[in-house]
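Residue strings, one per chain:
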Amino acid sequence: MPDTAADIPSVPSVVECTRPIAAGAPVVAVHMLGNEAVFVLGEEALLIAGKAEPRRVAVHGGGILCAASDGRRVVTGGDDGKVVAATATGETAVIAADAKRRWIDHVAVSGDGAVAWSAGRQAFVKPAKGEERTQEFPSSVGGLAFAPKGFRLAVAHYNGVSLWFANAAAKPEVLEWKGSHLAVTFSPDGRFIVTAMQEPTLHGWRLADGRNMRMSGYNAKVRSLSWSAGGKWLATSGSTQLILWPFQGKDGPMGKQPELLAPRDKRVVAVACHPAQDVVAVGYEDGLILLVRIGDGAEILARKPDGDAVAAIAWSASGALLAFGTEGGEAGILDLA
Amino acid sequence: MPETTSDKVPVTVLTGYLGAGKTTLLNRILSEPHGKKYAVIVNEFGEIGIDNDLVVGADEEVFEMNNGCVCCTVRGDLIRIIDGLMRRKGRFDAIIVETTGLADPAPVAQTFFVDDAVGQKAKLDAVVTVADAKWLSDRLKDAPEAKNQIAFADVILLNKTDLVSDDELREVEARIRAINPYAKLHRTQRSNVPLDAVLGRNAFDLDRILDIEPEFLETGDGHDHEHHDHGHGHDHDHDHHHGGLKHYHDEDMQSLSLRTDKPLSPDKFFPWMQKLVAEDGPRILRCKGILSFKDDPDRFVLQGVHMILDGDHQRPWKPGEARESRLVFIGRELPEEKIRQGFESCVA
């Protein structure tokens, strides 16, 4: 087994910068709103933690299935059929309630305040101002992502991704690739779309010409994707090391090998790239979190392994705070300033 | 089979042709006072008359996997729903998946072996098939789905027995046994089976296959007891040749049972088995086995659906327990000689 920070006590550690927070319930996502960490719990509530005592804010009458953030609010979808937005001060607003009380499987938020969500095969978009729109897709929606600029929504589904302009009457453009596409993300420059598939592989398209990219070699389904500062790298979970696909050139990762860093005998389950520096926070299935520098693979210990799988990690926009939550209901905020 | 402990949520798959009595059974499971709470994945909302916030509608979306295997399909909606239900883990004891009458059970079963997240958190407990005693024989002739559902079953409820004569009942049981001699069969009316015969069966009832010689099968559990209790001193319809059980050979569906008391070589067995399912997987609907490997203190349990195999060390062999390997197949046009010879060549 390769040496890593977990095994070498002399590796630099920032564990002592952690402010532990007892979430009291499994954490399924975390987002930073300014200096406040919003921990999304598996059921019913958010836990908002900043300098003051953590506060529980009720958002759903059941399980929370998905969450997204634009840095100003956290939007969640629940098995109660509701889409709810919450701010750092704990104010909540119901954005939508499904008429048939279907599960809200996915949500996405755009930079200009639009919110998208899906229930089964149906996707919805609600612009910041204007009417809610909906579109039916050929199979259940596997994931949603807004383009970095504009109003275009990528909708992942079986056998491809649809690009839907919700404010146009035209039928969505379809990028086809056989198989079930789940999580979907645009590169920050908007040139590429990448999906995580049901198989342990990623698929990508270059939007300019629709060229396909296959990114394989994983040993588990990829559940966590994060773009590094400036979109140079796409960091992913799904292997026993951090996988970084190069997106610097005009061809993206086509014909290139990924960088493999921080190898262990445990699987990476959550990744979050620092907003400014080439550093990735990497969470493993045994609870270890490492900060890994992309250039030379240098590692810093951020959380010791305790057998409790990391569920989510997020950086503040300033890059000074790092929040994490675990499947077992532990959480924490590291102040690295 | 309490030897295996697992914190995985057990999942019971409820199949059966249209009108056989699935919904009746489901309503019984949800309404009887058994102290357990079930999350239920149904194909049609509204048929269940029970107020339960853990009832979820499914879309029965069957997805092909990109792994070069045409028969490897999963239920995409099931993966999504089970993932979502796990957010509420602790609020329910088990999951029940109801399928439509026309559903093929293979993608449902394969979902639990193929998707790592689902497989980590949930395990297939049993496939329970509800069959209509009056109409099953006809459906087996004209509906391939009905035959698949019988072939896949670990437990079969032969329902509505009050609507048929004893002769008709024996006839339909023989038709079932020709396809699947290994399933536990219960004769029922209005799906009135003790719920512990349906739920909590644990890992496909694997142990049961060791106990059964299909050739000597009686007509079903309760009836075995009745037979013994009454002794030999009276004459009713259960006569001496196999309790009056008729023998049929289904034209396209067969089962095959292999057994040896010689330890197997894992280095021979796994390559053989993998090659077999790679070549003949489309014809193999299900296989199950309990295996004894040379120099291995543990029982190895194996199960498969088409080309997908799933196996694990189950528990140590007990002192005095016969270290026997047993492997059964149910499928279409099974290459019986090829399988038999291959199995024999795996002896260490």
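Worth saying up front: this structure is predicted, and the values here are computed from it rather than measured. (Residues numbered from 1 in each chain as written. Chains lettered and ligands numbered in written order. Predicted model: local features only at pLDDT ≥ 70, side-chain atom pairs only at ≥ 80, totals over all residues. Heavy atoms only, no water.)

Asker: Tell me about the overall build of chain A, residues and numbers included.
Answerer: Looking only at helices and strands, chain A features zero helices and 29 strands. Here chain A has a C-alpha radius of gyration of 19 Å; the compact-globule value for 337 residues is 20 Å, and the two agree. Dimensions of chain A, computed from the C-alpha atoms along their principal axes, are close to 60 × 50 × 30 Å. In chain A, the share of contacts with a sequence separation of at least 24, taken over all contacts with a separation of at least 6, comes to 41%. Total accessible area computed for chain A in this model is approximately 13,400 Å², and 50% of it derives from carbon and sulfur atoms. Side-chain charges of chain A comprise 33 positive and 35 negative groups, with the mean position of each set lying 6 Å from the other. (Helix = DSSP H or I, 4+ residues; strand = E, 2+ residues; numbered from the N terminus. Rg over C-alpha atoms; globule rule 2.2 N^0.38 Å. Contact = heavy atoms within 4.5 Å. Areas by Shrake-Rupley, 256 points an atom, 1.4 Å probe, with all protein chains shown as cover. Lys, Arg positive; Asp, Glu negative; His and termini not counted. Charge placed at Lys NZ, Arg CZ, Asp CG, Glu CD.)

Asker: I'd like a rundown of the pattern of salt bridges, residues and numbers included.
Answerer: If you walk through the whole model with that rule in mind, you get 44 salt bridges over all chains. A salt bridge links Arg206(A) to Asp209(A); the shortest N-O distance between them is 2.7 Å. Since its relative accessible area comes to 12%, Arg206(A) is described here as buried. Here Arg283(B) ties to Asp280(B) by a salt bridge, and the two come within 2.6 Å at their closest N and O atoms. Taken together, the salt bridges that share partners define one network made up of Lys275(B), Glu279(B), Asp280(B), Arg283(B) and Lys338(B). (Salt bridge = Lys/Arg side-chain N within 4 Å of Asp/Glu carboxyl O. Buried < 20%, exposed > 50% of the residue type's maximum accessible area, 1.4 Å probe, protein only.)

Asker: Explain the side chain of Arg299(B) to me, and be specific about the residues and the numbers.
Answerer: Residues and elements named next belong to chain B. Tracing the chain through its elements places Arg-299 in strand S12 (residues 298-305). The buried category is assigned to Arg-299, whose relative accessible area is 1%. Polar side-chain contacts of Arg-299 include one of 3.0 Å to the side chain of Glu-321. (Polar contact = N/O pair within 3.5 Å; in protein donor to acceptor, adjacent residues only side chain to side chain.)

Asker: Give me the lowdown on the sheet that holds strand S28 (residues 321-326) of chain A, citing residues and values where you can.
Answerer: Residues and elements named next belong to chain A. An order of S1-S29-S28-S27 is seen for the four strands of this open sheet, with the pairing classed as antiparallel. Single-partner strands in this sheet number two, and they are strand S1 (18-22) and strand S27 (310-315). Within the sheet, the average angular offset between the axes of one strand and its neighbour, ignoring direction, is 15 degrees. Two elements, S28 and strand S29 (residues 330-335), share five bridges in a ladder whose sense is antiparallel. Bridged to Phe-324 within S29 is Gly-332. (Pairing = 2+ DSSP bridges. Axes fitted to C-alpha atoms, helices over the stretch in contact; angles between N-to-C directions.)

Asker: Provide a residue-level description of the interface of chain B and chain A, including the pertinent values.
Answerer: Accessible area lost upon the coming together of the parts is a frequently used measure of interface size. Across the contact, 21 residues belong to chain B and 26 residues belong to chain A. Carbon and sulfur atoms supply 42% of the area that chain B and chain A bury against each other, a total of about 2,100 Å² over both sides. When the buried area of chain B at its contact with chain A is split by residue, Asn66(B), Arg80(B) and Arg87(B) rank highest and sum to 30% of it. Our enumeration of links across chain B and chain A arrives at nine salt bridges. Elements that contribute at least two residues to the side of chain B that touches chain A include exactly strand S4 (62-64), helix H2 (76-85) and helix H4 (116-121) of chain B. The element best represented in the side of chain B that touches chain A is H2(B), accounting for six residues. (Buried area = accessible area lost by both parts, 1.4 Å probe.)

Asker: Could you give an account of the sheet that holds strand S26 (residues 299-303) of chain A, naming the residues involved and the relevant values?
Answerer: Residue and element names in this part refer to chain A. Strand order in the open sheet made by the four strands is S23-S24-S25-S26, with antiparallel pairing throughout. Where the open sheet ends on each side, the last strands, each with one partner, are strand S23 (268-273) and S26. Ignoring which end each strand starts from, the neighbouring axes of this sheet average 25 degrees apart.

Asker: Break down empty space enclosed by the protein for me, citing the residues and quoting the values.
Answerer: All names here are of chain B. For the structure on display, the rule yields two cavities of 30 Å³ or more. Volume-wise, the largest cavity comes out at about 40 Å³. Every residue along the wall of the largest cavity is listed here: Ala-151, Ala-153, Asn-180, Tyr-182, Arg-286, Cys-287, Lys-288, Val-328, Phe-329 and Ile-330. Those elements giving two or more residues to the lining of the largest cavity turn out to be strand S11 (284-292) and strand S14 (325-332). Of the residues assigned to the lining of the largest cavity, the class counts are seven nonpolar, one polar and two charged. In this structure, the second largest cavity spans a volume of roughly 30 Å³. Lining the second largest cavity we find Ile-79, Ile-82, Asp-83, Met-86, Ala-117, Val-118 and Lys-121. (1 Å grid on protein atoms, 1.4 Å probe; cavity = no way out; pocket = protein on both sides within 12 Å on 5 of 7 lines; lining within 4 Å. Points joined across faces, edges and corners; volume = space filled by probe spheres on them. Nonpolar A, V, L, I, M, F, W, Y, C, P; charged D, E, K, R; others polar.)

Asker: I'd like a description of the packing of aromatic side chains, backed by residues and values.
Answerer: With the rule as written, the count across this model stands at 13 aromatic pairs over all chains. For the pair Phe293(B) and Phe300(B), a centre-to-centre distance of 5.6 Å together with 65 degrees between the ring planes defines the contact as edge-to-face. Residues Phe293(B) and Phe300(B) agree in their burial class; the two are buried. Feature note: the residues Phe269(B), Phe270(B), Trp272(B), Phe293(B), Phe300(B) and Phe343(B) constitute an aromatic cluster, connected by ring pairs. In this structure, Arg264(A) packs its charged tip against the face of Tyr284(A), placed 4.7 Å from the ring centre. Above the ring of Trp135(B), the side-chain terminus of Lys134(B) is found at 5.8 Å from the ring centroid. (Phe/Tyr/Trp six-rings, centres within 6.5 Å; stacked < 30°, edge-to-face > 60°. Lys NZ or Arg CZ within 6 Å of the ring centre and 35° of its normal.)

Asker: So what about helix H6 (residues 144-152) of chain B? Which residues, and what values?
Answerer: Counting buried residues along H6(B), seven of its nine residues qualify, which places the element largely inside the surrounding structure. Every buried residue belonging to H6(B) is among Ala146(B), Lys147(B), Asn148(B), Gln149(B), Ile150(B), Ala151(B) and Phe152(B), and all of these are buried.

Asker: So what's going on with the packing of H2(B) against helix H3 (residues 105-114) of chain B? Residues and values would help.
Answerer: Residue and element names in this part refer to chain B. H3 packs onto H2 with a crossing angle of 50 degrees between their chain directions and a minimal axis gap of 9 Å. Here H2 lies oblique to H3, going by the angle between them. H3 is crossed by H2, and the crossing has right-handed handedness. Residue-level contacts link Leu-78, Ile-79 and Ile-82 of H2 to Val-108, Thr-111 and Phe-112 of H3. Here the contact of H2 with H3 is composed, by residue class, of five nonpolar, one polar and no charged. (Parallel < 35°, antiparallel > 145°, perpendicular 65-115°, else oblique. Left-handed = near helix turned anticlockwise from the far one by under 90°.)

Asker: I'd like to hear about the confidence of the model for chain B, residue by residue, with values.
Answerer: All names here are of chain B. Across chain B, pLDDT averages 83, with 83% of residues at or above 70. In the predicted structure, residues 1-5 sits below a pLDDT of 50 and forms eight contacts with residues beyond four places in sequence or in another chain. In the model, residues 213-243 has pLDDT below 50 throughout and makes 36 contacts with residues more than four positions away in sequence or in other chains. Taken together, the chains of this predicted complex give a pTM of 0.87 and an interface ipTM of 0.89. (pLDDT = per-residue confidence, 0-100.)

Asker: Describe the packing of helix H10 (residues 266-280) of chain B against helix H11 (residues 336-344) of chain B, listing the residues and the values that go with them.
Answerer: The description of two helices packed together rests on the angle between their axes and the distance between the axes. Residues and elements named next belong to chain B. Viewed as axis vectors pointing N to C, H10 and H11 meet at an angle of 165 degrees, and their least axial separation amounts to 10 Å. With respect to H11, the axis of H10 lies roughly antiparallel. The element H10 and its partner H11 pack so that their crossing is right-handed. Along the contact surface, H10 presents Phe-269, Trp-272, Leu-276, Glu-279 and Asp-280, while H11 presents Lys-338, Ile-339, Gly-342 and Phe-343. Residues of the contact of H10 with H11, tallied by class, amount to five nonpolar, one polar and three charged.

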